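These are the residues of each chain, in order.
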Amino acid sequence: VQLQACGGGLVQAGGSLRLSCTASGRTFSNYAGGWFRQAPGKEREFVAGISWSGGTTYYADSVKGRFTISRDNAKNTVYLQMNSLKPEDTAVYYCAAMSRAYSIPYYYSGDRYDYWGQGTQVTVSS
């Protein structure tokens, strides 16, 4: 699976962005999806995850209530709608696909994901 992430950019605090992650090579509906981010000098962290059907979603506490992950399997795409953005949301955002989502903790661990996109920069100015 090849993943292509896009939608990042520069936005003022309080603004919104929508990231997209489109898969090619295989059907994305066979995989759980996730978004992670990495800020300069920090480790990669989980942001949000979604089951293969889209019926179950998971969020980091830091984004709960502000970000929404969704998917359109007909378009082979997973989205991350980001609202009420804060400067601390500034990071490179990566999408990922996981073939074996055996339990909830799997979604939160980057090591469980099989495929990664190239990353898209999100910068939130104060």
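The structure under discussion appears in the preceding block.
Caption draft 1: Main features of the pairing of strand β7 (residues 67–72). The alternating pattern of β7 places Phe 67, Ile 69 and Arg 71 on a buried face and Thr 68, Ser 70 and Asp 72 on a face that is not buried. Counting the residues in the hairpin turn of β7 and strand β8 (residues 77–82) gives four residues, including Asn 76, whose phi is positive at 55 degrees.

Caption draft 2: Highlighting the environment of Arg 112. By secondary structure assignment, the location of Arg 112 is in the loop between α1 (104–108) and β10 (115–116). When its relative accessible area of 42% is taken as the criterion, Arg 112 is described as partly exposed. In this structure the C-alpha to C-alpha distance between Arg 112 and Glu 88, which are 24 residues apart in sequence, comes to 25 Å. Residue contacts for Arg 112: discarding those within four places in its chain leaves Met 98 and Tyr 106.

Caption draft 3: Geometry of unusual backbone geometry. Within the chain, Asn 76 stands out as a residue other than glycine whose phi angle is a positive 55 degrees. Assignment of secondary structure puts Asn 76 in the loop between β7 and β8. With a phi close to 50 degrees, Ser 84 is a non-glycine residue in the positive phi region. As for its placement among the helices and strands, Ser 84 is situated in the loop between β8 and β9 (91–98). A relative accessible area of 39% places Ser 84 in the partly exposed class.

Caption draft 4: Spotlight on the nonpolar core. By size, the foremost hydrophobic cluster in this structure holds 39 residues, and its most contacted members are Trp 35, Leu 80, Met 82 and Tyr 93. For this core, the leading source of residues is β9, giving six residues. Beyond its immediate chain neighbours, meaning those up to four positions away, Met 82 contacts Gly 15, Ser 16, Leu 17, Leu 19, Arg 66, Phe 67, Tyr 93 and Val 122.

Caption draft 5: Inspection of the pattern of salt bridges at higher detail. Tallied over the entire structure, the rule returns four salt bridges. The residue Asp 89 makes a salt bridge to Arg 37 at a minimum N-O spacing of 2.9 Å. With Asp 89 in the loop between β8 and β9 and Arg 37 in strand β4 (residues 32–38), this residue pair connects regions lying 52 residues apart in the sequence. In this structure, the salt-bridge partner of Asp 89 is Arg 66, at a minimum N-O distance of 2.7 Å.

Caption draft 6: Main features of the packing of aromatic side chains. The tally for this structure, following the rule as stated, stands at nine aromatic pairs. Between the aromatic rings of Phe 46 and Tyr 108, the centroid separation amounts to 4.3 Å while the plane-to-plane angle is 45 degrees, which identifies the pairing as tilted. Taken together, the positions of Phe 46 in strand β5 (residues 45–50) and Tyr 108 in helix α1 put the pair 62 residues apart, joining distant regions of the chain. Under the relative-accessibility criterion, Phe 46 is labelled buried at 9%. With a centroid separation of 4.6 Å and 35 degrees between ring planes, the pair formed by Tyr 58 and Tyr 107 is classed as tilted. Highlighted residues: Tyr 58 in strand β6 (residues 57–59) and Tyr 107 in helix α1, separated in sequence by 49 residues. Classification of Tyr 58 by relative accessible area gives buried; the value is 13%. Here the aromatic cluster, defined as three or more aromatic residues joined through ring pairs, consists of Phe 36, Phe 46, Tyr 58, Tyr 107, Tyr 108, Tyr 113 and Trp 116.

Thresholds, definitions, all that
- Counting from 1, residues in each chain are numbered in the order their sequence is written.
- Only residues with pLDDT of 70 or above have their local features reported here, since the model is predicted, and side-chain atom pairs are shown and tallied only from 80 upward, although totals for entire chains, interfaces and linings are computed over all residues.
- To obtain the side-chain values, all non-hydrogen atoms of the structure were used and water was disregarded.
- Only protein chains enter the area calculation, which uses a 1.4 Å probe; residues under 20% of their type maximum are buried, those over 50% are exposed, and those in between are partly exposed.
- Secondary structure follows DSSP: runs of H or I at least 4 residues long count as helices, runs of E at least 2 residues long count as strands, and numbering of each begins at the N terminus.
- Only strands joined by at least two bridges in the DSSP assignment are considered to pair.
- The contact rule is simple, with two residues in contact once any of their heavy atoms fall within 4.5 Å.
- Here, the term nonpolar core denotes a set of buried Ala, Val, Leu, Ile, Met, Phe, Trp, Tyr and Cys residues that are joined through side-chain atoms within 4.5 Å.
- We count a salt bridge whenever a side-chain nitrogen from Lys or Arg sits within 4 Å of a carboxyl oxygen from Asp or Glu.
- Pairs were defined over the aromatic rings of Phe, Tyr and Trp, the Trp ring being its six-membered one, requiring ring centres within 6.5 Å. Orientation was assigned from the angle between planes: stacked under 30 degrees, edge-to-face over 60, tilted for the rest.

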